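# A closer look at the structure
Spelled out, the chains give:
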Amino acid sequence: MAARTVGEGLIPGGRARAEFPIFEHSVYANSCSQGALSRRVRAAVEEWVSGWDENGAEWDFWVERNEAARSAFAGLLHAEPDDVAVTTSVSQGVSALVSALDLSGERNRIVISEYEFPTVGQIAHAQELRGAEVVHVRPDADGRIALERFAEAIDERTALVCCTAVSFRSGHRHDVGAIAEVAHAHGALVLADSYQAVGALELDVRTLGADVVTGGTVKYLLGSAGLAFMWLRGTLRASLVPTHTGWFADEDIFAMSIADYSPHASARRFDSGTPPVPSLYPGVAGMELVAEVGVPAIEAHVRGLVDRLLAGCDDLGATVATSRGENEYGPLVCVVSTDPNALVAALAKDGIVTSSRDSNLRVSLHIYNVEEDVDRILAALAANRVLLA
Ligand SMILES: Cc1ncc(COP(=O)(O)O)c(C=O)c1O
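These remarks concern the structure in this document.

## Topic: the overall build of the chain
Counting its secondary structure elements, the chain contains twelve helices and twelve strands. Rg of the C-alpha trace for the chain: 21 Å, near the compact-globule value of 21 Å for 389 residues, within the 12% margin. Its C-alpha atoms put the chain at 65 × 60 × 30 Å along the principal axes. Sequence separation of at least 24 residues holds for 72% of the intrachain contacts in the chain that already meet a minimum separation of 6. Summed over its atoms, the accessible surface of the chain is roughly 15,400 Å², and 53% of this surface lies on carbon and sulfur atoms.

Right, dumping it as structure tokens:
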């Protein structure tokens, strides 16, 4: 197993920070793109290569690691492992999900918020080739997408409503539960892409309201690209039979049959081909770290930092695109800039790692950030006030 460099009792910002060497030279505030690399995730990657080198094909162990990933995702979501598909990306899961929808009849609409990640929008539009109509729900002038906008778009023709939990482009959080109530009243399913939330905000699929929840390990779960999940409400599964499939979705993987299509009874029916072995090692290690600290503790820690950042932005007179209501923001703050790429570059010169989308600088805070990071970011913003809108 991977060497453990820390013991029990990790707390956000404290001993947890010491796990991430990048802070020895940088202020890392870009977890919305990729979580920082921890020592134990590095050790897990090395364990994969060593095992391969020493033993060749470690198939049994790889399959076990796939199940460890399924259990870890389930734990984070307060779900049962049987309700979780292990995928290589959100794209793979969502493509399989829509492949299970009959879009040829009256109920052929996919409603998507304007804040969806490109992959969700593009997969929805791809279904136009199968008879779907895509309806966009756009934000109001204040950047919020009011519940009424969803209510106007959803009706008996709606098959699926896509409302990302946290927008990658504005940091805005949807009220998934309220949207789901409207959707369910019209018989529609709800997909909450939670990539920008999972690991940083407590997600409980028993109360969230969505029928399908997806996300992956690249960001707040502190793993690598190539590993993702899709949770499906257990009662829906039998009626959702994907045509986008693979042999690891079969009821008996090792039967190796080419005689028929017999999808697994559990959410595994949305798995696909060979498990993403190189990504399982870092993904499981990253999730273990998150679970050890605890998502509620991370959420509380991050809220304190984000509030400090927002207050500092207000003092600077900066325009913040992220909505500010109690449940409208999470770990990602988007600051409007006249030239976001120049602002990212200016902050990078000060050793601060951020990113940009649209006309926003994206600052995202996580388990490892501390108040001094926020203060350095604010000082750098003050020094580059000319780039703030
Ligand atoms: C909200 C959201 N969804 C999905 C993705 C990635 O999707 P995929 O796993 O298909 O690459 C990202 C990554 O940037 C994201 O921010």
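Back to the text.
## Some points on the nonpolar core
One finds V161, L309, L365, I377 and L381 to be the most contacted residues of the largest nonpolar core, which totals 87 residues. Ranked by residue count, the leading element in this core is helix α10 (residues 295–316), at nine residues. When residues no more than four places from it in sequence are discounted, the contact partners of L381 are C313, L316, L343, L347, L361 and L388. Counting 30 residues, the second-largest nonpolar core is a separate cluster that includes A85, V98, L189 and M230.

## Considerations on helix α7 (residues 176–185)
Burial in α7 covers these residues: V176, A178, I179, A180, V182 and A183. Contact partners of the buried residues in α7: α6 (147–153), β5 (158–162), β6 (189–193) and α8 (205–208). Where α7 ends, the next residue or the one after it, G187, has phi of about 80°, a positive value.

## Some thoughts on the site of the ligand
Close contacts around the ligand come from S89, V90, S91, F117, F168, D193, Y195, Q196 and K219, and that covers them all. A distance of 2.9 Å separates an oxygen atom of the ligand from a polar atom in the backbone of V90. The side chain of D193 places a nitrogen or oxygen atom 2.6 Å from a nitrogen atom of the ligand. Burial of the ligand by the protein chains amounts to 83% of its free accessible area of 400 Å². For the shell around the ligand, the per-class residue count stands at four nonpolar, three polar and two charged.

## As for the environment of A379
Residue position: A379 is located in helix α12 (residues 371–383). For the pair A379 and L316, spaced 63 residues apart in the sequence, the C-alpha separation amounts to 9.7 Å.

## Observations concerning the pattern of salt bridges
Scanning all chains against the criterion turns up 26 salt bridges. Residue R40 pairs with E292 through a salt bridge whose shortest N-O separation is 3.1 Å. Of the two residues, R40 is situated in helix α2 (residues 39–55) and E292 in helix α9 (residues 277–293); the sequence distance between them amounts to 252 residues. On the basis of relative accessible area, R40 is assigned to the buried category, the value being 2%. A salt bridge links R169 to D358; the nearest nitrogen and oxygen atoms lie 2.7 Å apart. Here D358 lies in the loop between β11 (355–357) and β12 (360–364) and R169 lies in the loop between β5 and α7, a separation of 189 residues in the sequence. The class of R169 is partly exposed, set by a relative accessible area of 25%. One salt-bridge network, in which partners are shared between bridges, spans E67, R70, D82, R268 and D271.

What counts, and where the lines are drawn
Residues numbered from 1 in each chain as written. Predicted model: local features only at pLDDT ≥ 70, side-chain atom pairs only at ≥ 80, totals over all residues. Heavy atoms only, no water. Helix = DSSP H or I, 4+ residues; strand = E, 2+ residues; numbered from the N terminus. Rg over C-alpha atoms; globule rule 2.2 N^0.38 Å. Contact = heavy atoms within 4.5 Å. Areas by Shrake-Rupley, 256 points an atom, 1.4 Å probe, with all protein chains shown as cover. Core = buried A, V, L, I, M, F, W, Y, C linked by side-chain atoms within 4.5 Å. Buried < 20%, exposed > 50% of the residue type's maximum accessible area, 1.4 Å probe, protein only. Near = heavy atom within 4 Å. Polar contact = N/O pair within 3.5 Å; in protein donor to acceptor, adjacent residues only side chain to side chain. Nonpolar A, V, L, I, M, F, W, Y, C, P; charged D, E, K, R; others polar. Salt bridge = Lys/Arg side-chain N within 4 Å of Asp/Glu carboxyl O.

In short, the description is geometric, and any link to function would need to be established separately.
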